[in-house]
Structure formats: C-alpha cells, structure tokens
Amino acid sequence: MKYLGIDYGTKRIGVAVSDDEGRVAFPLMVMESGAQALSAVAALAQKNNVQKIVIGESRNLHNEPNPVMEDIEQFKKDLEELTKLPVAYQQEFFTSTEAARQFAPQDSRKANPVHEALDASAAALILQSYLDSKK
C-alpha cells in the first residue's frame, strides 16, 4: 500500500510519499498553505497512486491540541471528502526540529527557517513513524 504524508502548517505544507510497499517514506515537496493547497495535495495523491494519507497530529507535551489543530482537522475532513481516501493522524513531536538537524545538526528550525526541504523532511518523518507503527 502506498501512502502520502502531510506536515500541515499555516504557511507551508510538507509532503512525503512512501514506496509502493509502504515501508519507507521519502520527502516529496513543500507547497504554500492556502486555498490551492487542498486541490494540490489531492492531485499529488492521485498522481502517486496512494491508497491512504497520513497527516501529523499537532499536540503539546501535555497531549493537548496545539492552536493549529483546528486547521488540521478541517484540512483532514476536506481532504477525505475530496479524495475519497482514508486520512489517518500520526502524532508528531518536534518533527520540524528533527528535520532541521538532518541539514545542520547544531541548528534549529529558527536558525535555518528557509531551507526548502525542511517541511517535506518533517512530513517524511511523520509518515515513517506511521509506517513503523504498522509493522
């Protein structure tokens, strides 16, 4: 089964895709958030022949929803309706920070906020975590 992973943000959306067997996640792209993002993600899902979408569930250390979670929930609902694919949550903690360390181990996201692949790498980490949990 092939999967699409999403790291949803209010400014950018990171996208990742799995291999055909659903074992390994790969960063795919970063797109701007906004009105066009929903149809762009749906088109990527169709183009890549995915059967399921995984989106990061943003919670704080007390397991309470972060402020962006309301937007994520709406995006998830709209994506399910548009694509007719199942969309699952995968908890994410510090995926953007972890992704930033892949590019510069001592840097944080704030120290390197414009790296083009950062959000796609975070999406790949979210998706890989989901795939690993299914093993």
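Presented here is an overview of the structure given in this document. It should be emphasised that the depicted structure is a prediction, and the values quoted were computed from it without experimental measurement.

## Things to note about the overall build of the protein chain
Then, number 1: Within the protein chain, the secondary structure is distributed over 4 helices and 5 strands.
Then, number 2: Walking the protein chain from its N terminus toward its C terminus, one meets helices and strands in the order β-β-β-α-β-α-β-α-α.
Then, number 3: Across the 135 residues in the protein chain, those meeting the buried criterion constitute 46%.
Then, number 4: A sequence separation of at least 24 residues applies to 60% of the contacts in the protein chain between residues at least 6 apart.
Then, number 5: For the protein chain, the computed accessible surface area is about 7,500 Å², with 50% contributed by carbon and sulfur atoms.

## Section: helix α2 (residues 69–83)
Then, number 1: For α2, built from 15 residues, the straight-helix expectation of 21 Å at 1.5 Å per residue is met to within 8% by its first-to-last C-alpha distance of 21 Å.
Then, number 2: Restricting attention to buried positions, one finds in α2 the residues Met69, Ile72, Phe75, Lys76, Leu79 and Thr83. The buried residues of α2 occupy an angular sector of 115° when the element is viewed end-on, so they sit on one face. Facing away from the buried side of α2, by more than 90 degrees, are the exposed residues Glu70, Lys77 and Glu81.
Then, number 3: Next to the buried residues of α2 lie β1 (3–8), β2 (12–18), α1 (37–47), β4 (52–58) and β5 (87–92).
Then, number 4: A positive phi of about 65° marks Lys84, the residue just after α2.

## Looking at the nonpolar core
Then, number 1: Among the nonpolar cores identified, the biggest contains 21 residues, and Leu4, Ile6, Tyr8, Ile13, Ile53 and Phe75 are the most heavily contacted of them.
Then, number 2: In contact with Leu4, other than residues within four places in its own chain, are Val15, Ala16, Val17, Leu28, Val41, Ala45, Val50, Lys52, Ile53, Val54 and Leu127.
Then, number 3: Core analysis: the second largest hydrophobic core is formed by 11 residues, Ala124, Ile126, Tyr130 and Leu131 among them.

Cut-offs used in this document
- Residues numbered from 1 in each chain as written.
- Predicted model: local features only at pLDDT ≥ 70, side-chain atom pairs only at ≥ 80, totals over all residues.
- Heavy atoms only, no water.
- Helix = DSSP H or I, 4+ residues; strand = E, 2+ residues; numbered from the N terminus.
- Buried < 20%, exposed > 50% of the residue type's maximum accessible area, 1.4 Å probe, protein only.
- Contact = heavy atoms within 4.5 Å.
- Areas by Shrake-Rupley, 256 points an atom, 1.4 Å probe, with all protein chains shown as cover.
- Expected span 1.5 Å × (residues − 1).
- Arc of directions from axis to C-beta.
- Core = buried A, V, L, I, M, F, W, Y, C linked by side-chain atoms within 4.5 Å.

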